[in-house]
Amino acid sequence: MAIEVRWSLEAVRTFRYNLDYLSENWSFREVQRFIQQVDCVTSRLAEFPESYRPSEKNKKVRRAPRE
């Protein structure tokens, strides 16, 4: 059973910052690859939340490692 993945404000801000940076400094292909990787991790997190480590501050929050 999949769960809802909710992004923190910090996560949204960081994601947008990364997209802006990649758009300015890398190719369209790299931007697409980054988005695909984020989508993959988000999907995996929704399906298998226990496979990611809980946050130290809030045990209900899971942290996906950088890949």
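Scroll up to find the structure this text is about.
My aim in this report is to walk through the structure given alongside it, one point at a time. (Residues numbered from 1 in each chain as written. Predicted model: local features only at pLDDT ≥ 70, side-chain atom pairs only at ≥ 80, totals over all residues. Heavy atoms only, no water.)

Some words on the overall build of the protein chain
In terms of regular secondary structure, the protein chain is built from two helices and two strands. For the protein chain, the sequential pattern of α-helices and β-strands runs α-α-β-β. Principal axes of the C-alpha set define a box for the protein chain whose edges measure 35 × 25 × 20 Å. Counting over 67 residues, the protein chain shows a buried share of 16%. (Helix = DSSP H or I, 4+ residues; strand = E, 2+ residues; numbered from the N terminus. Buried < 20%, exposed > 50% of the residue type's maximum accessible area, 1.4 Å probe, protein only.)

Details of the environment of Ala2
Mapped onto the elements, Ala2 comes out in the segment before helix H1 (9–25). Ala2 sits in the partly exposed class, given a relative accessible area of 44%. Leave out the neighbours within four places in its chain, and Ala2 touches Ala46 and Glu47. (Contact = heavy atoms within 4.5 Å.)

Some remarks on the packing of aromatic side chains
What the rule picks out here adds up to two aromatic pairs. Centre to centre, the rings of Trp7 and Phe15 are 5.3 Å apart; their planes meet at 75°, and the pair counts as edge-to-face. Plain terms: the ring middles of Phe15 and Phe34 are 5.6 Å apart, the flat faces sit at 20° to each other, and that makes the pair stacked. Of the two residues, Phe15 is situated in helix H1 and Phe34 in helix H2 (residues 28–47); the sequence distance between them amounts to 19 residues. Ring-pair connections join several aromatic residues into one group, and the members of that group are Trp7, Phe15 and Phe34. (Phe/Tyr/Trp six-rings, centres within 6.5 Å; stacked < 30°, edge-to-face > 60°.)

Some words on the nonpolar core
Within the largest apolar cluster, five residues are counted, these being Leu19, Leu22, Val31, Phe34 and Val38. For this core, the elements supplying multiple residues, two or more each, are H1 and H2. In terms of residue count, H2 provides more of this core than any other element does, three residues in total. Apart from the residues within four sequence positions on either side, Leu22 is in contact with Val31 and Phe34. (Core = buried A, V, L, I, M, F, W, Y, C linked by side-chain atoms within 4.5 Å.)

Some remarks on H2
The first and last C-alpha atoms of H2 sit 29 Å apart over 20 residues, in line with the 28 Å expected at 1.5 Å per residue. Listed in full, the buried residues belonging to H2 are Val31, Phe34, Val38, Val41, Leu45 and Ala46. Take H2 and look down its axis: the buried residues cluster within an arc of 140°, on one side only. Away from the buried face of H2 by more than 90 degrees, exposed residues Phe28, Arg29 and Gln36 are located. Taken together, the buried residues of H2 touch H1 and strand E2 (62–63). (Expected span 1.5 Å × (residues − 1). Arc of directions from axis to C-beta.)

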